[in-house]
Amino acid sequence: MNYEIHEICCIGAGYVGGPTMAIIADKCPNIKVNVVDINTNRINAWNSNDLSKLPIFEPGLDEIVKRTRSRNLFFSSDMESAIKNADMIFISVNTPTKTKGIGAGQASDLKYVEACARQVALHSLNHTIVVEKSTLPVRTAEVIKNILESEQIWQKENIEKKTFDVLSNPEFLAEGSAINDLENPDRVLIGGQNDNAIEALSKIYRNWVPDHKILRTNIWSSELAKLTANAFLAQRISSINSIAALCEATGADVREVARAIGTDSRIGSRFLDSGPGFGGSCFKKDILNLVYLSRHFGLPEVANFWESVVSLNTWHQHRISKLVIMKLFGTISEKKISILGFAFKANTNDTRESAAIQICKDLIEEGAELIIHDPKVSPDQIAIDLGLAPLPDKNISSNKNLKSNGGWRFTKDKYSSFIGSDACLILTEWASYSDIDWIKASKIMRKPAWIFDARSIADKKKICDANLLFWRLGDGS
Ligand code: UDX
Ligand code: ADP
């Protein structure tokens, strides 16, 4: 049985597959890494000569792609030959929440994973180690193995030649810090049944990760650990956001409370920043998965416990939009509001489940005209997320008298978002929002003008000195 890894294939060139494979290629120059995707636009973008056009923005990624691409890192749509040549195949495709049928709204839709498994069964040769990288519900490895093995029955001529091992190797990288997370992981988790296959994957990681950080578990523990890690992290955010509301009601300050509890080494200080609610592709989806699994296994109390983490998050987002409306005298119809930040967190162009989406929808629904700025998110993406095209350009004379019933425009210049606006709402913690010249902003806003800081990055004193009203999340002082 061949457990020497010379060539890797990764199916899925997204936020997980792209950066992870770039690091493996960088750290293992003797391994050829082929990243394949059905989305040819995405593959073309990965192959773009202009590194600013890579499909995902991740600090430090462009440098790594520059030195590895065409050396031992390749992006292509040729799934068949990449699978044929691979000793190890990573499955890094998306696993969205099901929108219909059994488990709709909670269970993961495994259709993309299943499609990959079928492709692997069809094209692979000899022995292949299949690695689950996507976050998957517990016992998906069983599904993959099942498909791999049953497909062979239909390809009898290959039956002698093809064998598989399935490993679970969940990715813990966070967007925005993916390169550092991949280069210096807290741990690498490998779940599997065959020690030789586990060793083959461990050997790859040992090129840059110390052995004591490589945890080996059974396959189900590995799958469940990934869901649990995300559920625990999201739970901390809902916890601190619930306390933020209480702080506002009682005169406490959530930053002081977070500092006070964070110094307890049992609690720890990280992931205690109150914000507009967690977003990203993982937290909600993974918790809902856990909820579904718990109900499936007859544990409704467990399901309810985790479900409350998600409902608190949704409530929290609506709470912020309601609060903005109330501070602006209960009506925002035809008022201009500057929105700073649309990505679900700083240092990424990803908007999946961003709190900004729900909050902006709420404000538009109330008739506001939003002027949205984000350094990395495109207006096209915002239109998709809001399900609404931008308002027509006011500078075009024929559009001057258009009255808006709520809508949005995009601006590349954050200061121009302040022109005539009644309020500014900071939703993403981009560093460039922490040093805004509030005097300059104040001069062009309509008074009384509010600054709502949902990320605690603006300077309270400078804002108040600039004759602006100020609200900060969790600040009841
Ligand atoms: C998360 C996990 O951190 C990562 O391990 C997993 O692999 C994928 O899911 P990611 O979604 O990229 O990573 O971002 P993360 O930094 O965890 O932030 C998630 C959300 O929580 C963001 O919306 C962020 O703004 C919010 N957050 C995070 C807070 O509101 N407060 C905090 O203190 C931390
Ligand atoms: P993640 O954040 O998990 O990486 P993304 O949505 O960013 O998720 O990336 C997943 C990628 O997987 C997408 O580019 C998508 O086109 C790709 N993909 C989905 N199904 C398949 C498949 N059957 N074969 C190849 N690529 C696939």
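The paragraphs below set out a description of the structure included in this document. Please read these numbers as outputs of a predicted model, since none were measured by experiment. Each residue is numbered by its place in its chain's sequence as written, counting from 1. As they are written, the chains are lettered A onward and the ligands numbered 1 onward, keeping that order. pLDDT decides what is reported in this predicted model: residues at 70 or higher carry local features, side-chain atom pairs at 80 or more are listed and counted, and totals for whole chains, interfaces and linings draw on all residues regardless. The side-chain figures draw on all heavy atoms in the structure; neither hydrogens nor water molecules are used.

A short note on the overall build of the chain
Worth spelling out the cut-off: Strands here mean DSSP runs of E at least two residues long; helices mean DSSP runs of H or I at least four residues long; both are numbered from the N terminus. Radius of gyration here is computed from C-alpha atoms only, and the compact-globule reference equals 2.2 Å multiplied by the residue count raised to the power 0.38. Remark: exposure states derive from per-residue accessible area (1.4 Å probe, protein chains only) relative to the maximum for the residue type, with buried under 20%, exposed over 50%, and partly exposed in between. Whether two residues are in contact is decided by their heavy atoms: any pair within 4.5 Å suffices. The accessible surface values rely on the Shrake-Rupley method and a 1.4 Å probe; as for residues, cover is taken only from the protein chains in view. The charged-residue count follows a simple rule in which Lys and Arg add positive charge and Asp and Glu add negative charge, with His and chain termini not counted at all. Positions of charges follow a simple convention, taking NZ of Lys, CZ of Arg, CG of Asp or CD of Glu.
Broken down by element type, the chain carries 16 helices and 14 strands. Relative to its length of 477 residues, the chain is compact, with a C-alpha radius of gyration of 24 Å against a globular reference of 23 Å. With the C-alpha coordinates of the chain rotated into their principal frame, the extents come out at 75 × 50 × 45 Å. The buried share of the chain, taken over its 477 residues, is 54%. Sequence-distant contacts, at least 24 apart, represent 74% of the contacts inside the chain between residues at least 6 apart. Summed over its atoms, the accessible surface of the chain is roughly 21500 Å², and 52% of this surface lies on carbon and sulfur atoms. Both charge centroids of the chain, one from 57 positive and one from 57 negative side chains, sit 4 Å from each other.

A closer look at the site of ligand 1
For the record, the criterion: For this description, a residue counts as near a given molecule or strand if any of its non-hydrogen atoms is within 4 Å of it. Pairs of N or O atoms are called polar contacts if they sit within 3.5 Å, as long as, within protein, a hydrogen donor faces a hydrogen acceptor (for residues adjacent in sequence, only side-chain-to-side-chain pairs). When residues are sorted by character, Ala, Val, Leu, Ile, Met, Phe, Trp, Tyr, Cys and Pro go into the nonpolar class, Asp, Glu, Lys and Arg into the charged class, and all the rest, Gly among them, into the polar class.
What surrounds ligand 1 is a group of 19 residues, the closest being Phe172, Leu173, Glu175, Asp273 and Lys345. Within the contact set of ligand 1, an oxygen atom lies 2.7 Å away from a backbone nitrogen or oxygen of Phe172. At a separation of 2.9 Å, an oxygen atom of ligand 1 approaches a polar backbone atom of Phe344. When ligand 1 sits alone it has 660 Å² of accessible area, and the protein chains cover 91% of it. For the shell around ligand 1, the element with the most residues is helix α9 (residues 219–250), which contributes four residues. Taken together, the residues of the shell around ligand 1 break down into 11 nonpolar, two polar and six charged.

Side note on the sheet that holds strand β9 (residues 336–340)
Inclusion rule: At least two DSSP bridges between two strands are required for those strands to pair. The convention used is that axes are lines fitted to C-alpha atoms, helices contributing only their stretch in contact, and that angles between N-to-C directions extend from 0 to 180 degrees.
Spatial strand order, β11-β10-β9-β12-β13-β14: six strands in an open sheet with parallel pairing. Two strands close off the open sheet at either side, each with one partner strand: β11 (407–410) and β14 (469–472). For this sheet the average axis-to-axis angle between neighbouring strands, irrespective of direction, equals 20 degrees. The pairing of strand β10 (residues 369–373) with β11 spans four bridges and is parallel. For Ile372, the partnering residue across the bridge sits in β11 and is Phe410. Packing of helix α14 (residues 379–386) onto the sheet brings it into contact with β10 and β11, and relative to β11 it is tilted by some 165 degrees.

Let's talk about the side chain of Asp253
Tracing the sequence through the fold places Asp253 in the loop between α9 and α10 (254–262). Judged by relative accessible area, Asp253 falls into the buried class, the value being 9%. Within the structure, the side chain of Asp253 is placed 2.9 Å from the backbone nitrogen of Arg255, a separation counted as a polar contact. Ignoring any residue separated from it by four or fewer positions in sequence, one finds Asp253 in contact with Cys247, Arg472, Gly474 and Asp475.

With respect to the nonpolar core
Nonpolar side chains in soluble globular proteins tend to be buried together. Applied cut-off: Side-chain atoms within 4.5 Å link the members of a nonpolar core, which is a set of buried Ala, Val, Leu, Ile, Met, Phe, Trp, Tyr and Cys residues.
Ile337, Leu363, Leu370 and Trp438 are the most contacted members of the largest nonpolar core, which totals 58 residues. Sort the elements by how many residues they give to this core and helix α13 (residues 355–365) lands first, with seven residues. Here Trp438 is in contact with Phe418, Cys424, Ile426, Ile451, Ala458, Lys462, Ile463, Ala466 and Leu468, once residues within four sequence places are set aside. Residues Tyr3, Val33, Ile64 and Val65 belong to the second largest nonpolar core, which totals 44 residues.

Comments concerning the pairing of β14
Condition: Orient the strands so they point away from the viewer; a crossover is then right-handed if the path from the first strand over the helix to the second runs clockwise.
Pairing between strand β13 (residues 450–453) and β14: four bridges, direction parallel. Among the inter-strand pairings, Ile451 is bridged to a residue of β14, identified as Phe470. Since β13 and β14 lie parallel, the crossover through helix α16 (residues 460–465) that links them has a hand, and here it is right-handed.

Re the site of ligand 2
Close contacts around ligand 2 come from 17 residues, with Tyr15, Val16, Asp37, Arg42 and Arg352 the closest. With respect to ligand 2, the side chain of Arg352 contributes an N or O atom lying 3.0 Å from an oxygen atom. Within the complex, 88% of the 580 Å² of free accessible area of ligand 2 lies under protein. For the shell around ligand 2, the element with the most residues is helix α5 (residues 111–123), which contributes three residues. For the shell around ligand 2, the residue count by class is nine nonpolar, five polar and three charged.

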